[in-house]
Amino acid sequence: VGLMRVDYRIERPVALHASFEVEGFTVLLGASGEGKSLLLRAIAGLLPARGEPFDGLSPQQRAVGYLPQGHALFPHLNVWQNVAFALHGPRCREQAIEWLERVGLAPLAERLPATLSGGQQQRVALARALARRPQLLLLDEPTSALDPATRDDVLTELIAEVHAAGIPALAVSHDPALATVADRLVLMHDRRIVQAGRPEEVHAKLASSAVARLLGYRNVYRGKLAGTGSTQRLQWLEAGVELPVCTELPDGSAVDWHISPVAIELHDTAAASVETFVASVEVRQVGAHGRYVGLRCGQARLWAELSSSRVMSAAVHLHLPAAAIRCWPTDASSSTSKLAFQRCIP
């Protein structure tokens, strides 16, 4: 698996400094407008910037394979000619066909791009990028033109090719689906890197509520702490309730907090053994990944997972276990903020 260090500083059109490792299939996740695409253009030499690798080289001299949004295939060239555009020498057509075979599109070599599906166009663009034999592969929003049914198949093929070629790849996106297949995750917020690491490391210790939201976590809210130690309470102002919580943060702290839909306990009546509050059922969601219910809690919606056998009534009593609630200081994007771990035993 390829490994490369990226360290780039952009001054215009936005100020941005990003430094991180690209290993295997690395996903840089950030909201729209963070400058992710600008970073790729800077690495490719298409935007004035300073950094490593490739500093000072022209775009033609940089050993980079770049897949912009929309794939940027030449509409007047057929499939093999698009791939051959990155090649030189008398064997251009033969080499282009070989690359198309690797991505499973050799039978379509004579077709024009307009006759291909979005996924097929992406594979042609990938073959063209890999044909340059780059040291680094850059992919800008690689799932943006794909429907959910196609996305997983195309991503699997893309990552398999990246691993087979041994080339580090950097994919930028705002789509949390990419994060689920990454070898390494890099999270960007407020135009800076706020967390990076292997997916299991990032999920085990989310650095902030911004990271949780980028990764698609549900049930991230604002609150305020009251009390200390075993008597600490979380004031959830949107819902108008207080919840038991255990953190190492001081009394009065403004916090962002999260609870997994799986951890929420649903009761038909008030439970004698635990603290509950009432919520109304607002929406039911049934899909390939489980059954969920959206619960109206004051001005907030809380998502809870349902067991397959449960029949929901119009209103339920909820218990949110203190040990399942994660809290961060509200200014968790600052460099001094840290995750406040629970001290309670489940």
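No experiment lies behind these values; they were computed from the predicted model shown.

**Quick look at empty space enclosed by the protein**
Empty space left among the atoms is revealed by rolling a probe the size of a water molecule over them.
Here is step 1 of the chain: Counted according to the given criterion, the structure contains 1 cavity of 30 Å³ or more.
Here is step 2 of the chain: Roughly 70 Å³ of internal volume is contained in the largest cavity.
Here is step 3 of the chain: Around the largest cavity, the lining comprises 12 residues; the ones closest to its centre are His71, Gln122, Asp140, Glu141 and Pro142.
Here is step 4 of the chain: Of the residues in the lining of the largest cavity, the class split is 5 nonpolar, 5 polar and 2 charged.

**Details of the sheet that holds strand 5 (residues 64-67)**
Here is step 1 of the chain: Spatial ordering of the open sheet is given by 5-6-7-3-8-9, a layout of 6 strands whose pairing is mixed. Two strands close off the open sheet at either side, each with one partner strand: strand 5 and strand 9 (192-197). Strand-to-strand twist across the sheet, computed as the mean angle between neighbouring axes with direction ignored, equals 20°.
Here is step 2 of the chain: Inspection of the sheet shows strand 3 (residues 25-29) paired to strand 7 (residues 169-173) by 5 bridges, in the parallel sense. In the sheet register, phenylalanine 25 faces strand 7, and the bridge partner there is alanine 169.
Here is step 3 of the chain: Contacts from helix 5 (residues 148-165) reach strand 3, strand 6 (136-140) and strand 7, with the element oriented near 125° to strand 3.

**Considerations on the packing of aromatic side chains**
Here is step 1 of the chain: Across all of its chains, the model carries 5 aromatic pairs by this definition.
Here is step 2 of the chain: Between tryptophan 236 and tryptophan 257, the aromatic rings sit 5.1 Å apart at their centres with planes inclined by 85°, giving edge-to-face as the arrangement. A residue pair is termed long-range when its members are at least 10 positions apart, and tryptophan 236 in strand 11 (residues 233-236) and tryptophan 257 in strand 13 (residues 254-258) qualify at 21 residues. Here tryptophan 236 matches tryptophan 257 in class, with each residue buried.

**Re the environment of leucine 170**
Here is step 1 of the chain: Summarising the element assignment, leucine 170 is placed in strand 7.
Here is step 2 of the chain: With 44 residues separating them along the chain, leucine 170 and leucine 126 place their C-alpha atoms 13 Å apart.
Here is step 3 of the chain: Leaving out residues up to four positions away in the same chain, leucine 170 has contacts with Phe20, Val22, Thr26, Leu28, Leu40, Ile43, Leu137, Leu138 and Leu139.

**Concerning unusual backbone geometry**
Here is step 1 of the chain: At the junction of arginine 12 and proline 13, the peptide bond is cis and its omega measures out at 5° in the coordinates.
Here is step 2 of the chain: For proline 13, the location among the structural elements is in the loop between strand 1 (3-10) and strand 2 (16-23).
Here is step 3 of the chain: Residue proline 53 is reached from glutamate 52 by a cis peptide bond, and omega for that bond is 0°.
Here is step 4 of the chain: Within the secondary structure layout, proline 53 lies in the loop between strand 4 (50-52) and strand 5.
Here is step 5 of the chain: A positive phi angle, near 55°, is found at aspartate 190, a position not held by glycine.
Here is step 6 of the chain: The backbone of arginine 191 sits at a positive phi, close to 60°, despite the residue not being glycine.

Cut-offs used in this document
Residues numbered from 1 in each chain as written. Predicted model: local features only at pLDDT ≥ 70, side-chain atom pairs only at ≥ 80, totals over all residues. Heavy atoms only, no water. 1 Å grid on protein atoms, 1.4 Å probe; cavity = no way out; pocket = protein on both sides within 12 Å on 5 of 7 lines; lining within 4 Å. Points joined across faces, edges and corners; volume = space filled by probe spheres on them. Nonpolar A, V, L, I, M, F, W, Y, C, P; charged D, E, K, R; others polar. Pairing = 2+ DSSP bridges. Helix = DSSP H or I, 4+ residues; strand = E, 2+ residues; numbered from the N terminus. Axes fitted to C-alpha atoms, helices over the stretch in contact; angles between N-to-C directions. Contact = heavy atoms within 4.5 Å. Phe/Tyr/Trp six-rings, centres within 6.5 Å; stacked < 30°, edge-to-face > 60°. Buried < 20%, exposed > 50% of the residue type's maximum accessible area, 1.4 Å probe, protein only.

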